[in-house]
Amino acid sequence: MDMLELMEQRHSVRQYRDQAIEPEKRDTLNALIGQINQKNDLHIQIFYDEPKCFDSAMAHYGKFSGVRNYIALVGKKSPTLDETLGYYGEEIVLKAQEMGLNTCWVALTHGKSAADIGKGEKQVCLIAIGYGCTSGVPHKSKPMSELCSCSGSMPEWFRLGMTAAMLAPTAVHQQKFRFALQPDGAVKASCGAGFYTRLDLGIVKYHFEMLSGKQCK
């Protein structure tokens, strides 16, 4: 399965089956998270068979059920932390999808996580992970023309990157991001104001870069 297919098939899932994540899949996730942490000086942590975090009034309000595994996105406080965690969190999400697991980005509707948050660090959000009761449903998207700008005819690589970005999850499906193809061929990505838009920017940049083969400013 190629990357675009993974992006198309991955949807947010809030209800999970009582099925443990197999040891070999845990090993793969642990290794990926370890590599990401070491490379980017992050402190992302994954917890298995830990149901307390999502056994809370907020989690029930958010319609979560059966969540026993989650990823805590943690790192040193900085102006770019949210974007960095969004970028690499989505890499983990798509690896999970490739392994047949389901996920959901969770900002506020959860209880206290078991994450070790050191001095000067911040937990930005969580990602629920496991075997979903369903595979979820696609989110609606704004038209591509509202999410990007391009002078002249749009190159195929840019169109492919935008197709991928439109498949990316964003907080309450707000899609407050924009990609601009500049005259020199560079791509500038930006986000509007709102809750978790910097996190969203990291997620959509990962999608865009993986499919377009181009890095964004």
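Reference entry: report on the structure contained in this document. (Residues numbered from 1 in each chain as written. Predicted model: local features only at pLDDT ≥ 70, side-chain atom pairs only at ≥ 80, totals over all residues. Heavy atoms only, no water.)

Before going further, it helps to spend a moment on the pattern of salt bridges. Counting across every chain of the model gives seven salt bridges. Here Lys122 and Asp82 are joined by a salt bridge, their closest N and O atoms 3.4 Å apart. Taken as a pair, Lys122 in strand β4 (residues 121-130) and Asp82 in helix α4 (residues 81-98) lie far apart in primary sequence, 40 residues in all. In this structure Lys122 comes out as partly exposed when scored by relative accessible area, which is 33%. It is possible to trace a salt-bridge network through shared partners that takes in Glu83, Arg198 and Lys205. (Salt bridge = Lys/Arg side-chain N within 4 Å of Asp/Glu carboxyl O. Helix = DSSP H or I, 4+ residues; strand = E, 2+ residues; numbered from the N terminus. Buried < 20%, exposed > 50% of the residue type's maximum accessible area, 1.4 Å probe, protein only.)

A few words now on the nonpolar core. The nonpolar side chains of soluble globular proteins are, as a tendency, buried together. Counting residues in hydrophobic clusters, the biggest one holds 52 residues, and the most contacted among them are Ile44, Met162 and Phe179. The dominant element in this core, judged by the number of residues it contributes, is α4, at eight residues. In terms of nonpolar packing, the next biggest core, distinct from the first, is built from 16 residues, Phe47, Cys53, Tyr70 and Val106 among them. (Core = buried A, V, L, I, M, F, W, Y, C linked by side-chain atoms within 4.5 Å.)

According to the stated counting rule, one finds nine aromatic pairs in the structure shown. With 5.0 Å between their ring centres and 85 degrees between their planes, Tyr87 and Tyr206 make a pair best called edge-to-face. With Tyr87 in helix α4 and Tyr206 in helix α6 (residues 197-212), this residue pair connects regions lying 119 residues apart in the sequence. Here Tyr87 and Tyr206 have matching classes, each one buried. Joined through ring pairs, the aromatic side chains of Trp157, Phe158, Phe177, Phe179 and Phe208 make up one cluster. Between Lys214 and the ring centre of Trp157, over which it is positioned, the NZ or CZ distance is 5.0 Å. (Phe/Tyr/Trp six-rings, centres within 6.5 Å; stacked < 30°, edge-to-face > 60°. Lys NZ or Arg CZ within 6 Å of the ring centre and 35° of its normal.)

This part is about helix α2 (residues 23-40). The end-to-end C-alpha distance of α2, which contains 18 residues, comes to 26 Å, matching closely the 26 Å that a straight helix rising 1.5 Å per residue would cover. Residues of α2 that are buried include every one of Lys25, Arg26, Leu29, Leu32, Ile33, Ile36 and Asn37, and no others. Seen end-on, α2 carries its buried residues on one side only, within an arc spanning 135 degrees. For α2, the exposed residues set more than 90 degrees away from the buried face come down to Pro23, Asp27, Gln35, Gln38 and Lys39. Lining the buried residues of α2 we find β1 (45-47), α4 and β4. The first or second residue beyond α2 is Asp41, which carries a positive phi of 55 degrees. (Expected span 1.5 Å × (residues − 1). Arc of directions from axis to C-beta. Contact = heavy atoms within 4.5 Å.)

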